[in-house]
Amino acid sequence: TWQLDVQASGDYLVKASYGSAPINAGGRLRLTFSAVAKPQQLEHTVQATATANQFHTVSLGKVHLSAGKQSVTASVADPCDAELMRLNSLQLIRQ
């Protein structure tokens, strides 16, 4: 979970940089954005990279965020027996 201090309300494109070994790909990453208003979720099917340490960046979708403090939590939507991915970074880009 990360704490956010959103400076301006608006729509934000969410991008993630991650790596996932081919044997572990296919599970789903869930991001939950919690604020005073209704929480929003994005889900993404994790794609394989050459190794878990080779990162690539993908667009996960858009969320509408209000100004102020809130949090974003990353979780595995479909439990698996192995490491799903190595999340390197999240980017929120105001649209």
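Residues numbered from 1 in each chain as written. Predicted model: local features only at pLDDT ≥ 70, side-chain atom pairs only at ≥ 80, totals over all residues. Heavy atoms only, no water.

Asker: What exactly am I supposed to notice about the sheet that holds strand β5 (residues 56-65) here?
Answerer: Hydrogen bonding along the main chain pairs the strands of a sheet, whether they run parallel or antiparallel. Read across the sheet, 3 strands follow the order β5-β2-β7 without closing on themselves; strand pairing throughout is antiparallel. Unpaired on one side and paired on the other, β5 and β7 (86-94) mark the two borders of the sheet. Taking the axes of each pair of neighbouring strands and ignoring which way they run, one obtains an average angle of 25° across the sheet. Taken together, the 8 bridges between strand β2 (residues 10-19) and β7 define a ladder with antiparallel strand orientation. Note on β7: the bridge partner recorded for Ala 16 is Leu 90. (Pairing = 2+ DSSP bridges. Helix = DSSP H or I, 4+ residues; strand = E, 2+ residues; numbered from the N terminus. Axes fitted to C-alpha atoms, helices over the stretch in contact; angles between N-to-C directions.)

Asker: Is there a simple way to explain the pattern of salt bridges in this structure?
Answerer: Pairing of side chains with opposite charge becomes possible as their charged atoms draw close. Scanning all chains against the criterion turns up 4 salt bridges. Across the pair Arg 28 and Glu 43 runs a salt bridge, and its minimum N-O distance is 3.1 Å. With Arg 28 in strand β3 (residues 28-34) and Glu 43 in strand β4 (residues 40-45), the pair connects residues that are 15 residues apart, well separated along the chain. Arg 28 gets classed as partly exposed once you look at its relative accessible area, which sits at 24%. Among the salt bridges present, the one from Arg 86 reaches Glu 83, with a minimum N-O distance of 3.1 Å. When salt bridges that share partners are traced, they join Arg 28, Arg 30 and Glu 43 into one network. (Salt bridge = Lys/Arg side-chain N within 4 Å of Asp/Glu carboxyl O. Buried < 20%, exposed > 50% of the residue type's maximum accessible area, 1.4 Å probe, protein only.)

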